[in-house]
Amino acid sequence: MPQLVFSAENYNNVNELNIGLDINLNFKLYNLDKTKMNDLTADLFLKPEVNYRQTIKSFELEMNPEGEKNEKPGLIRYAWRYPKSEIVTANLKTEIVNKNILFKIDKKVKYPVVFDGNKEYLGESKYIDINEDIRNTARDLVDSDDLFLIAVKTAEWVRRNIKYNLSTINAETVFKSSEVLRNGEGVCDEITNLFISLMRSLGIPARFVTGVVYTNLGYKWLNHGWSEVYFPGYGWVPFDVTFGQYGWIDPSHVKLQHTAGSGEASVNYRWHSVGGEVKLDKIDLNAYYINEKKDDFKSPIKISARSVVQRVKFESYAPIIVEVENLEDSYLSAMLYLANAPGVYGVSEKIIVLKPKEKKNLVFIAEFKGNLKEDFIYSSEVKVKDQFDDSAIFLIQAAKDYEDYSLDKALEFLKAVDKREKKSEFSSLNFSCNGNKNSYLGNETGVIKCLITSNEGYKNVNFCLIDDCKLVNMNKSLDIDFSVDFKNNVNGLLITAENNEFFKKEYLDIKINKIPSVVISEFNVENLNYNEIKTTDIVLSSNTKINDLKIKVNGADFSNIKEFDGINVIKGNLSGRTVYSGNADIGIEFKDESGNKYNLNKEFDVNVSGVPWYLRVIGFFEELF
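Quick look at the structure, then. Only a predicted model underlies this, so the values are computations on that prediction, with no experimental measurement involved.

What counts and how
Residues numbered from 1 in each chain as written. Predicted model: local features only at pLDDT ≥ 70, side-chain atom pairs only at ≥ 80, totals over all residues. Heavy atoms only, no water. Helix = DSSP H or I, 4+ residues; strand = E, 2+ residues; numbered from the N terminus. Rg over C-alpha atoms; globule rule 2.2 N^0.38 Å. Buried < 20%, exposed > 50% of the residue type's maximum accessible area, 1.4 Å probe, protein only. Contact = heavy atoms within 4.5 Å. Areas by Shrake-Rupley, 256 points an atom, 1.4 Å probe, with all protein chains shown as cover. Core = buried A, V, L, I, M, F, W, Y, C linked by side-chain atoms within 4.5 Å. Arc of directions from axis to C-beta. Polar contact = N/O pair within 3.5 Å; in protein donor to acceptor, adjacent residues only side chain to side chain. Pairing = 2+ DSSP bridges. Phe/Tyr/Trp six-rings, centres within 6.5 Å; stacked < 30°, edge-to-face > 60°. Lys NZ or Arg CZ within 6 Å of the ring centre and 35° of its normal.

With that settled, consider the overall build of the protein. Within the protein one finds six helices and 41 strands. A compact globule built from 625 residues would reach a C-alpha radius of gyration of about 25 Å, whereas the protein, at 32 Å, exceeds it by more than 25%. Dimensions along the principal axes, computed over C-alpha positions, put the protein at roughly 115 × 75 × 45 Å. For the protein, the residues scored as buried account for 48% of the 625 residues in total. The contacts in the protein between residues at least 6 apart in sequence include a share of 70% that link residues at least 24 apart. Within the structure as shown, the protein displays about 31,300 Å² of accessible surface, and the carbon and sulfur contribution to it stands at 45%.

Set out below in structure tokens:
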């Protein structure tokens, strides 16, 4: 049966998810008035398994009429002796707890692999075939001896190149892998089968998984199929091509069965009688949410993002560079989304693959097009989001007279980053760098002195610290002084070394503090009387952490806060006597992380009732003079 799913992120950032699952089998027995039914046996293969991420909290089996029920490896057996009812039912009711964790592969698994298990997981089946087109496609994708990289690249090729065709959802015909490859479209069963065919054509064991998953189609659990790939020394690793989840599947995935291919039976039943007949009327499968644990969830990756150019001319294209850091001691792949931008050129989501503790970059391209007025400066919030619901946010400005950044230039930058990420790392190349200060402000310039050492010599190495680059031939040791304009630094002080073959990058332990940009956006006070003291809100935002924040209204203390960052609503007590003139002068004092002091003032109008007449007269003459 074709299965329909759409990826949903609702449970990607929970630590544990409790899911209820009910499976009901309904059999109809015919000709009972003319014959005697000796026995009926049904084997249900949809049985939740216990694995590294999935456990069973409760498990109940019911039958009507009563009979024998037994759990066996990979199945549940129901048996009735001399059933007399025309309707016979069997039920499974279970609660499943799924943990949101990666499959831990902490070392490189080399390809080709050795597999001594079930040979069905290497061969062809009803819908999983292997022809020359499949072999050639798979071989073209192999550019490494690292099994995880090969599997992710193959899965992502299928996701990118095989269209999910909704028009075939209710079709009774299921196409073989070779036909799906030729047609360039399919549903999740067929897409998964093609991935399995590609894997097996390379001698990599893979199998089909039947289960359920939560989707944003109707916001409920639906039938779904994904795959598992065998990694020697580790076991069977999940790969969901439809969702773009490789080596990790979100906790709404409930595994019920694994087989050599799709289309294999979920229920087998048999009976003994003379002239009688039994038909499985339907299988009802209902999964539902019970509860979740979310507070202690920790994303396995850390992301930061910036635009290569912060101010662009209208009709420009801005490369968005995203750095992704693997916080885990194991391989992982992660999907990144350009979730918010003025416009997107090319794709808005990409997969990145990271080795244990590795950092890598990828690039999106934002575009600034449309009906933009020449005398305006436009500020656009750009958000990059990962599949675990973490995000990085920054601003880009566009105006008529800003820098022109062409599409060709943006594509060239993207190409250069992609090329760099594929290079091997310099062996035994080390950076030792120091500034003349412990920390710098974002508007300063300075000189960073670096001692670079290596056990080997390299030719034509380009060393760069932010925008200052030096092309040199590397000997065992080298002293380089870099002139740095810190205003161009966003995500830490990055030093890089690169030639035609190798690349290395490292973040220096030199602190760069942003120049604080603090905005008082709202001052909310209503129906204030001269003799009244009322709790009042001030909405304040800062682009970086500030300390020792003091807020006064017309010279009177309003609030003191030790640390502040982001956007917050600050509450304080306001007396009508303080703002009786109808004017509120909000003054704030604060320090940046280096202890530098700043001041900011902003005025708001306030409506105060019950002010004595003589104070209004005094206020009138104060305004005159």
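Phe231 and Phe239 are the most contacted members of the largest nonpolar core, which totals 40 residues. Once residues within four sequence positions are removed from consideration, Phe231 is found in contact with Ile105, Val109, Leu147, Phe148, Val237 and Phe239. Counting 38 residues, the second largest nonpolar core, distinct from the first, contains Trp248, Val382, Ile396 and Leu414.

Listed as buried for helix α1 (residues 132-141) are Ile134, Thr137, Ala138 and Leu141. The buried residues of α1 occupy an angular sector of 95 degrees when the element is viewed end-on, so they sit on one face. Where the residues of α1 are buried, they touch α2 (147-161), α3 (177-183) and α4 (188-201). Where α1 begins, one side-chain oxygen reaches toward the backbone nitrogen of Asp133, 3.2 Å away; that side chain belongs to Asn131.

Let's shift gears to the environment of Gly275. Relative to the elements of secondary structure, Gly275 occurs in the loop between β14 (267-273) and β15 (277-293). What Gly275 contacts, discounting residues up to four positions off in sequence, is Asn31 and Thr35.

Moving on, we come to the sheet that holds strand β9 (residues 206-215). In space, the five strands of this open sheet follow the order β12-β11-β10-β9-β13, with antiparallel pairing throughout. Sheet topology places β12 (245-246) and β13 (254-259) at the edges, where each strand pairs with a single neighbour.

For the rest of this paragraph, the subject is the packing of aromatic side chains. Applying the stated criterion across every chain, the model contains 29 aromatic pairs. Here the aromatic rings of Phe431 and Phe463 are separated by 6.4 Å at their centres, their planes lie at 90 degrees, and the arrangement is edge-to-face. Taken together, the residues span a long stretch of sequence, with Phe431 in strand β26 (residues 429-435) and Phe463 in strand β29 (residues 458-465) at a distance of 32 residues. Residue class for Phe463 comes out buried when judged on its relative accessible area of 0%. Grouped by ring-pair contacts, the aromatic residues Phe148, Phe195, Phe231, Phe239, Tyr246 and Tyr331 constitute a single cluster. Between Arg207 and the ring centre of Tyr121, over which it is positioned, the NZ or CZ distance is 5.8 Å.

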